[in-house]
Amino acid sequence: MNQQSRRKKTIDSPTSDIQSAYNQYHSKKILFLITVTIGILLLAGIAASFGSYDLTLVQAYTTIAAGIFPWMGLPESVAHTIIWEIRLPRIAMAIVSGASLGVAGAILQGVLRNPLAEPFTLGISSASAMGASLAIIGGIKYFGQYSVVMNAFFSAFLATMVIYSIAKSKGMTPEAIILAGIAIMFLLDAVTSFMQYLGTAEQVQAVVFWMMGSVSVANWETVFIVFCIAIISIPYLIYKASDLTIIGAGDETAYSLGIHVETVRMRTLIFAALLTASVTAFCGIIGFVGLVSPHITRMVIGGDNRYVIPGSALVGGILLLGADTVARTILAPIILPVGIMTALVGVPFFMFLFMRKRKELW
Amino acid sequence: MVNVKLNDVCFSYPGADILHNVTFSIGPGQMTGLIGPNGSGKSTLIKCIDTILKPKGSILLNGKDILTMERVALARSIGLVPQNGTSAMDSTVFETVLMGRRPHSAWRISEEDIHKVADALERLGIGNLAMRDFSHLSGGQKQMVLLARAICQEPDVLLLDEPTSALDIRHQLEVLEIVNHLVKERNMSAIIALHDLNLGARYTDSMVILREGKIFSAGKPDELYTPDMIEEVYGVIAEVISVHGKPHVVPIRPAEYGHYIFAESLQNERNMEIPA
């Protein structure tokens, strides 16, 4: 048998068929990530062109490019100020917050092996709401203008630690974590309701508005803080993605394959909580993104967390950016809370994918 | 050359002692069957050997106590085929088998890993399922996939927890033939928990019979299989005949003995209560 025919035999062997099928499947995942990234860039430009000061898409992109590449020598303009000082921080906050919530959802669904898990299942949102209510109604101002933010953040993180401690005493099983989270959620919701009962009409209104969620607080400073937490947390979680996928197959399987299940579960939960806490502290409660972004991603590219985590970040980013763009333009000049729009925009899209795919959720 | 040695292995859940002083050893190229009635401790013993559960006593792998070994190092040496395997959500068969490469590979999946997965799938005749969703497979297909995952792990010791319980007779034979072939070809050791005494007799080199967490007897199947052993361990009257040189257990229906005689003999010989 000459070398050429031997080589042909190797290429045509069933094993190489399986390998090429897997490589194609792998390429599909990469293509999905690239497509959603391009989608975010396009949507960011569109979002930057929308608003009370009308800009064309070309003007929006040119102004963004001028800010990124100052040597292009484009003159400063009103458009530059509007885009770089007002619209882009909001767009960036929507993308980073959506990405953080999407990743947190992917982690929690994977590590708890529960399709209904999301950043708020563990009571993190309730803790943030309680912290914000305490600052608004209780008048806590230790952190000046950031009192609401800091209170929300520390409450969320404290709640996570309490849940973690309770769950650890029961062996850090998914069931123990979910039960501890739900118990804490009800407790903190009761505290928030009690504070609202005590508050004045203005204070209650402020709390309710905060709880509806909004990225309107965005400026480059706040974006930077949320971005820093995301840029630390997300790469670590992607690094642990293979372990998370295997944990999804069961604790005993994961343990048998060499994974320190409790340690991975604990660390990834803390990072997921950190991501959620940073978003809720600045933007309030934005539901749905954390729940559906991982599902949408998995429906398209399957369950490998090495791709699901970045995919959920991108889908979360585009979902929240899309929702915020609709929220601030649909009834302009009235700006709707983005928390309302995420469900209104996301649910039809999610149902479309869900019905089309006709797959079991899990 | 691998050698597994269990010395006085004991395990208890709170309020319930499961295993008592289990001691046996197996050598390379050997298949050892664990048999015994439900609740006799077979699955618990398998989990103890894989250190999913932490037993007392010692389990030595080539003279080294596995309870002190690093988790990843142990995963390179011991592979488990669980009884009821699940996979991660929306995972394909290929991705499920790829998990078996986790003890050997880093974050990035190498061409070698991909080749080994494809090879294992092809070897078990399930290459056509590679891109199918694991959750959509039949019980038998899932069992084959989990075996492929354990093969990809390239362990020295293979633990199988009732791998044939969900399979039809053809697939039972297929799985055990593959395991038998692997054990001989790679000089591995395999410990396999089984309910089917006759399959155990055909495929294992030695047997450990468990009853209430203790070793009732151990040795070669043709030495162990006797009507008395079946009756004492399972409480069942059976004949043991020879088929192609291997012992074959034929259980006798109580009706064939006469229900009254069967019940009376049990009451007299073992002082058991006659059910109403």
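A quick note: this is a predicted structure, and the numbers were derived from the prediction, not measured. (Residues numbered from 1 in each chain as written. Chains lettered and ligands numbered in written order. Predicted model: local features only at pLDDT ≥ 70, side-chain atom pairs only at ≥ 80, totals over all residues.)

Trainee: Give a description of the overall build of chain B that names residues and reports values.
Mentor: Secondary structure assignment for chain B yields eleven helices and twelve strands. Against the compact-globule benchmark of 19 Å for 276 residues, chain B has a radius of gyration of 20 Å, which places it among compact chains. In chain B, which comprises 276 residues, the proportion classed as buried is 42%. Long-range contacts, defined as pairs at least 24 residues apart, comprise 63% of the intrachain contacts of chain B with a sequence gap of at least 6. (Helix = DSSP H or I, 4+ residues; strand = E, 2+ residues; numbered from the N terminus. Rg over C-alpha atoms; globule rule 2.2 N^0.38 Å. Buried ≥ 20, exposed ≤ 12 C-beta atoms within 10 Å, placed from the backbone. Contact = placed C-beta atoms within 7 Å.)

Trainee: Now, about the overall build of chain A: what can you tell me, with residues and values included?
Mentor: Each helix and strand in chain A was counted, giving 15 helices and zero strands. For 362 residues, the compact-globule estimate of 2.2 N^0.38 gives 21 Å, and chain A sits close to it at 23 Å. Each of the three principal axes of chain A carries a C-alpha extent, and together these read 85 × 60 × 40 Å. Within chain A, counting contacts between residues at least 6 apart in sequence, those at least 24 apart form 74% of the total.

Trainee: Can you tell me about the interface of chain A and chain B, naming the residues and giving the values?
Mentor: Every contact between the two is made by 27 residues of chain A and, on the other side, 30 residues of chain B. Residue assignment for the side of chain A that touches chain B shows that the elements contributing at least two residues are helix H2 (14-49), helix H10 (241-247) and helix H11 (251-256) of chain A. Element by element, the count of residues in the side of chain A that touches chain B is highest for H2(A), at seven residues. Considering only residue class, the side of chain A that touches chain B consists of eleven nonpolar, twelve polar and four charged. (Nonpolar A, V, L, I, M, F, W, Y, C, P; charged D, E, K, R; others polar.)

Trainee: Run through the sheet that holds strand E7 (residues 157-161) of chain B, naming residues and quoting values.
Mentor: Residues and elements named next belong to chain B. A sheet is described by the order of its strands in space; here six strands give the open sequence E6-E7-E8-E3-E9-E10, paired in mixed fashion. Two strands lie at the open edges of the sheet, namely strand E6 (78-81) and strand E10 (214-219), each paired on one side alone. Strand-to-strand twist in this sheet, taken as the mean axis angle between neighbours without regard to direction, amounts to 15 degrees. Across five bridges, strand E9 (residues 206-211) lies against E10 in antiparallel orientation. Paired with methionine 207 across the bridge in E10 is glycine 219. Across the sheet, helix H5 (residues 139-152) touches E6 and E7, and the angle it forms with E6 is around 175 degrees. (Pairing = 2+ DSSP bridges. Axes fitted to C-alpha atoms, helices over the stretch in contact; angles between N-to-C directions.)

Trainee: Residue-level account of the sheet that holds strand E1 (residues 4-13) of chain B, with values.
Mentor: Residues and elements named next belong to chain B. Read from one edge to the other, the open sheet built from four strands follows the order E2-E1-E4-E5, with strand pairing classed as antiparallel. In this open sheet, the two strands that pair with only one neighbour each are strand E2 (16-26) and strand E5 (64-65). Relative to E5, strand E4 (residues 56-61) runs antiparallel, the two sharing two bridges. Across the sheet, the residue bridging to leucine 60 is aspartate 65, located in E5. Running at roughly 65 degrees to E2, helix H1 (residues 42-49) makes contact with E1, E2 and E4 of the sheet.

Trainee: How would you summarise the confidence of the model for chain B if you had to cite specific residues and measurements?
Mentor: Residue-level pLDDT values for chain B average 87, and 92% of them are 70 or greater. In the predicted assembly, ipTM is 0.84 and pTM is 0.83. (pLDDT = per-residue confidence, 0-100.)

Trainee: Give me the pairing of strand E8 (residues 189-193) of chain B: which residues, what numbers.
Mentor: All names here are of chain B. Buried residues dominate E8, accounting for five of its five residues. Burial along E8 is two-sided: the face carrying Ser189, Ile191 and Ala193 and the face carrying Ala190 and Ile192 are both buried. Judged from the five bridges that link them, strand E3 (residues 30-35) and E8 form a sheet pairing that is parallel. Residue methionine 31 lies in a different strand from E8, and its bridge partner there is alanine 190. With helix H6 (residues 169-186) bridging E7 and the parallel E8, this β-α-β connection has right-handed handedness. (Right-handed = clockwise from strand over helix to strand, strands pointing away.)

Trainee: Which residues make up the environment of Leu187(A), and what values do they have?
Mentor: You can see Leu187(A) is positioned in helix H7 (residues 174-198). With 57 residues separating them in the primary sequence, Leu187(A) and Met130(A) have C-alpha atoms 10.0 Å apart.

Trainee: An account of the nonpolar core is requested, with residue identities and associated values reported.
Mentor: Ranked by size, the top nonpolar core spans 184 residues in total, and within it Val103(A), Ala156(A), Val97(B) and Ala148(B) carry the most contacts. When residues of this core are assigned to their parent elements, the largest contribution, 17 residues, is made by helix H4 (residues 78-111) of chain A. (Core = buried A, V, L, I, M, F, W, Y, C linked by C-beta atoms within 7 Å.)

Trainee: Give me the packing of H4(A) against helix H12 (residues 261-283) of chain A: which residues, what numbers.
Mentor: Residue and element names in this part refer to chain A. For the pair H4 and H12, interaxial distance at closest approach is 9 Å and the crossing angle is 150 degrees. Classified by the interaxial angle, the pair formed by H4 and H12 is roughly antiparallel. Along this stretch, H4 crosses H12, giving a crossing that reads as left-handed. Across the interface between the two elements, Ser97, Ser100, Leu101, Val103, Ala104, Ile107, Leu108 and Val111 from H4 touch Arg265, Thr268, Leu269, Ala272, Leu275, Thr276, Ser278, Val279 and Cys283 from H12. Considering only residue class, the contact of H4 with H12 consists of eleven nonpolar, five polar and one charged. (Parallel < 35°, antiparallel > 145°, perpendicular 65-115°, else oblique. Left-handed = near helix turned anticlockwise from the far one by under 90°.)

Trainee: An account of the pairing of E7(B) is needed here, citing residue identities and associated values.
Mentor: Every other side chain in a regular strand lies on the same face of the sheet, so the side chains alternate between the two faces. Residue and element names in this part refer to chain B. Counting buried positions along E7 gives five out of five residues, so the element sits mostly inside the fold. Burial along E7 is two-sided: Val157, Leu159 and Asp161 facing one way and Leu158 and Leu160 facing the other are all buried. Pairing analysis gives four bridges linking E6 to E7, with the strands arranged parallel. Bridged to leucine 80 within E7 is leucine 159. As defined by bridge partners, E7 adjoins E8 across five bridges and the pair is classed as parallel. Bridge pairing in E8 places leucine 159 opposite isoleucine 191.

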